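Reading the structure
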Amino acid sequence: MSRQTLPPEALDDTDRAILNSLQEGFPLTPRPFDDAGAALGLSGAELIGRLERLRAIGAITRFGPFYDAAAMGGAFCLCALSAPQADFDRIADLVNAHPEVAHNYARDHALNMWFVLATATREAIAETAGQIEAETGLTVWRFPKLREFFIGFRVAA
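Residues numbered from 1 in each chain as written. Predicted model: local features only at pLDDT ≥ 70, side-chain atom pairs only at ≥ 80, totals over all residues. Heavy atoms only, no water.

Turning next to the sheet that holds strand β1 (residues 75-81). Taken together, the four strands give an open sheet; going across it, the order is β2-β3-β1-β4, and neighbouring strands pair in antiparallel fashion. The open sheet has two free edges, formed respectively by β2 (101-106) and β4 (141-143), since each of these has just one partner strand. Neighbour to neighbour, the strand axes of the sheet diverge by 25° on average, direction disregarded. As paired strands, β1 and strand β3 (residues 113-119) are joined by seven bridges and run antiparallel to one another. Within β3, the residue paired with C77 across the bridge is L117. Packing against the sheet, helix α4 (residues 88-96) makes contact with β1, β2 and β3, and its axis sits at approximately 165° to β2. (Pairing = 2+ DSSP bridges. Helix = DSSP H or I, 4+ residues; strand = E, 2+ residues; numbered from the N terminus. Axes fitted to C-alpha atoms, helices over the stretch in contact; angles between N-to-C directions. Contact = heavy atoms within 4.5 Å.)

Before going further, it helps to examine the packing of helix α2 (residues 32-39) against helix α3 (residues 44-56). α3 packs onto α2 with a crossing angle of 85° between their chain directions and a minimal axis gap of 7 Å. One element, α2, and the other, α3, form an angle in the roughly perpendicular class. Contacts between α2 and α3 involve F33, D34, A36 and G37 on the former and, on the latter, G44, A45, L47, I48 and L51. Grouping the constituent residues of the contact of α2 with α3 by class yields six nonpolar, two polar and one charged. (Parallel < 35°, antiparallel > 145°, perpendicular 65-115°, else oblique. Nonpolar A, V, L, I, M, F, W, Y, C, P; charged D, E, K, R; others polar.)

Tracing the backbone through its elements, the reader meets Y67 in the loop between α3 and β1. Separated by 22 residues in sequence, Y67 and A45 place their C-alpha atoms 25 Å apart.

Okay, α2 next. When α2 is considered as a whole, its buried residues turn out to be P32, A36 and G37. Summarising the axial view, the buried residues of α2 lie within an arc of 125°, below the 170-degree limit, and thus occupy one face. Residues of α2 that are buried sit in contact with α1 (13-22) and α3. In the stretch just after α2, G41 is the one whose phi turns positive, near 75°. (Buried < 20%, exposed > 50% of the residue type's maximum accessible area, 1.4 Å probe, protein only. Arc of directions from axis to C-beta.)

So, about the pairing of β1. For β1, the tally of buried residues reaches five of seven residues, placing the bulk of the element in the interior. Across three bridges, β1 lies against β4 in antiparallel orientation. Looking at the pairing, L78 lines up with F143 of β4.

In this structure, L81, V95, M113, F115, L117 and I132 are the most contacted members of the largest nonpolar core, which totals 18 residues. Secondary structure elements with two or more residues in this core: β1, α4, β3 and α5 (122-136). Setting aside chain neighbours within four positions, we find L81 in contact with I91, V95, A110, L111, N112, M113, F115, I132, L138, T139 and V140. (Core = buried A, V, L, I, M, F, W, Y, C linked by side-chain atoms within 4.5 Å.)

Residues lying three or four places apart along an α-helix face the same way, a consequence of the helix completing one turn every 3.6 residues. With 13 residues, α3 extends 18 Å between its outermost C-alpha atoms, agreeing within 8% with the 18 Å of an ideal straight helix rising 1.5 Å per residue. Buried within α3 we find G44, L47, L51 and L54. Here the buried residues of α3 occupy an arc of 85° about the axis, which is enough to place them on one side. Along α3, exposed side chains directed more than 90 degrees from the buried face belong to A45, E52 and A56. The inward-facing, buried residues of α3 contact α1 and α2. G58 occupies a position one or two residues after α3 and carries a positive phi of about 90°. (Expected span 1.5 Å × (residues − 1).)

Structure below.
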């Protein structure tokens, strides 16, 4: 999972409109891709094709909802580890192989790989972190949420 910056020409105006609009939500209707596409002047099939292409080129890493595991009786935790730069991609693959990993990202810091674990139980956080430690040989630092803040973060494409 190598990190790269896309050249400006990789996204056209329609791609940017898709990225900007879908951060605001996705319709919960019988034909959500048709409805979301119509708002962008696209058919549902065209929107799906665009999303597949955006995923293939690395403009997005996933498409789908974020669930609040804690609100559904589960647990989540922000975690970090120090991955040797030469081995970063292999370790990222090991971390991402766990379905409990909601997302991961690189940071320019001693703890250079951060990820979120979302599990069905609080105990499963420790179990999954322990599995990742055993697989990578690295300490998984856990940063449980003490307080929640909503900042409405958006990325303009």
